[in-house]
Amino acid sequence: MSIVACPQCGKKNRVQDIEHGRPKCGQCQSNLPWVVNADDVSFTSATDTRLLTLVDLWAPWCGPCRLVAPVLRQLASAYAGRLKVVKVNVDESPQLASKFQATSIPMLLLLHEGNVLDTVVGAQPEHVLRQRIDFLLPTIEMN
Ligand SMILES: [Zn+2]
């Protein structure tokens, strides 16, 4: 659970890590940015959503990961209601690090219903990530 200020009206909302549908502001019903942390244990439930999911495989000692973090927060706001960001600290999630072969981080996965649709390695600028997301969203949202 985290507290998120609504980008539209400023109301502070409780946002659950896992919920059906997508988090909305209790006051104005705007979609809220959705950023959660997950590990080996919680990953499956954290990514069990119909939204496009951006998984951030990162570690505290990784400089480029720190550069990417604010970009991901921006994307979560820009794509509120359409994108869920799931952050995975690979040091604390050895099974996921091995499963996704996260030898070079930051590694970003675009995931939908358990399938990896795209992988981005290294700190990429926001416009590159937007292109990847914009490419995938129409197909996912048709269903
Ligand atoms: Zn609001």
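Everything that follows concerns the structure shown earlier in this document.
Within every chain, residues take consecutive numbers counted from 1 along the sequence as written. Given that the model is predicted, a residue must reach a pLDDT of at least 70 before its local features are reported, and side-chain atom pairs must reach 80 or more before they are shown or counted; all residues, however, enter totals for whole chains, interfaces and linings. As a rule here, side-chain values come from all non-hydrogen atoms in the structure, and water together with hydrogens is ignored.

Just checking my understanding: could you explain the pairing of strand 3 (residues 35-38) for this structure?
Sheet faces and side chains relate simply in a regular strand, where the side chains alternate between the two faces. The buried label goes to any residue with under 20% of its type's maximum accessible area, the exposed label to any with over 50%, and the partly exposed label to all in between, with areas taken from a 1.4 Å probe on protein chains only. In this description a helix means any DSSP run of H or I spanning at least four residues, a strand means any run of E spanning at least two, and both kinds are numbered starting from the N terminus. Side-chain alternation along strand 3 places V36 and A38 on a buried face and V35 and N37 on a face that remains uncovered. When DSSP finds two or more bridges between a pair of strands, those strands are recorded as paired. In terms of strand pairing, strand 3 meets strand 5 (residues 83-89) through four bridges, oriented parallel. Of the residues in strand 5, the one forming a bridge with A38 is V88.

Just checking my understanding: could you explain the coordination of the zinc ion for this structure?
Around a metal, the ideal angle is 109.5 degrees if four donors adopt a tetrahedral arrangement and 90 or 180 degrees if six donors adopt an octahedral arrangement. Coordination partners: N, O, S within 2.8 Å of the metal, 3.2 Å for Na, K and Ca; water not considered, so apparent gaps in a site are possible. Those protein atoms acting as donors to the zinc ion are C6 (SG), C9 (SG), C25 (SG) and C28 (SG), and they sit at 2.3 Å. Coordination at the zinc ion comes from four donor atoms whose angles at the metal span 104 to 117 degrees, giving a geometry best classed as tetrahedral. Read in sequence order, the donor residues coordinating the zinc ion give the pattern C-x2-C-x15-C-x2-C. Pair noted here: C6 is in the loop between strand 1 (2-5) and strand 2 (12-15) and C28 is in the loop between strand 2 and strand 3, with a separation of 22 residues, a long-range link. For C28, a relative accessible area of 32% translates into the label partly exposed. A four-donor site is classed as tetrahedral when every donor-metal-donor angle falls between 85 and 135 degrees; four donors are called square planar, and six octahedral, when trans pairs exceed 155 degrees and all remaining angles lie between 65 and 115, with any other arrangement labelled irregular.

Before we go on, may I ask you to explain the nonpolar core in this structure?
Across soluble globular proteins, nonpolar side chains have a tendency to be buried as a group. Buried residues of nine kinds, namely Ala, Val, Leu, Ile, Met, Phe, Trp, Tyr and Cys, make up a nonpolar core once their side-chain atoms join them within 4.5 Å. Judged by nonpolar contacts, the single largest core of 27 residues is most densely connected at F43, V55, L57, V86, V88, V90 and I105. Of all the secondary structure elements, the ones that give two or more residues to this core are strand 3, helix 1 (43-46), strand 4 (52-58), strand 5, helix 3 (94-99) and strand 6 (107-112). Among the elements that line this core, the one with the most residues is strand 6, at three residues. Apart from residues no more than four positions distant in its own chain, I105 is found in contact with L57, W58, A59, W61, C62, C65 and V90. Here, residues are in contact when the closest pair of their heavy atoms is within 4.5 Å.

I tried to follow the pattern of salt bridges on my own but got confused; where do I start?
Any Lys or Arg side-chain nitrogen located within 4 Å of an Asp or Glu carboxyl oxygen qualifies as a salt bridge. For the coordinates displayed, the defined rule picks out five salt bridges. R82 is paired through a salt bridge with E141; the nearest N and O atoms lie 2.9 Å apart. Pair noted here: R82 is in the loop between helix 2 (63-78) and strand 5 and E141 is in helix 4 (residues 126-142), with a separation of 59 residues, a long-range link. Given the relative accessible area of 39%, E141 is considered partly exposed. Measuring nitrogen to oxygen at the nearest pair gives 2.9 Å for the salt bridge that ties R132 to D118. Taken together, the residues R132 in helix 4 and D118 in strand 7 (residues 115-121) connect sequence positions 14 residues apart.

Just to check I follow, could you spell out the sheet that holds strand 5 for this structure?
The strands that make up a sheet pair up through hydrogen bonds in the backbone, lying either parallel or antiparallel. Taken together, the five strands give an open sheet; going across it, the order is 3-5-4-6-7, and neighbouring strands pair in mixed fashion. Only two strands of the sheet have a single neighbouring strand rather than two, namely strand 3 and strand 7. Taken pair by pair, the neighbouring strands of this sheet meet at an average axis angle of 25 degrees, ignoring direction. When strand 4 meets strand 5, the two strands line up parallel, connected through seven bridges. Bridge assignment links L52 to a residue of strand 5, and that residue is L83. Structural elements are reduced to axes, namely lines fitted to C-alpha atoms, with helices fitted over the stretch in contact, and the angle between N-to-C directions of any two is expressed from 0 to 180 degrees. Where helix 4 meets the sheet, it contacts strand 4, strand 5, strand 6 and strand 7, and its direction lies at approximately 170 degrees from that of strand 7.

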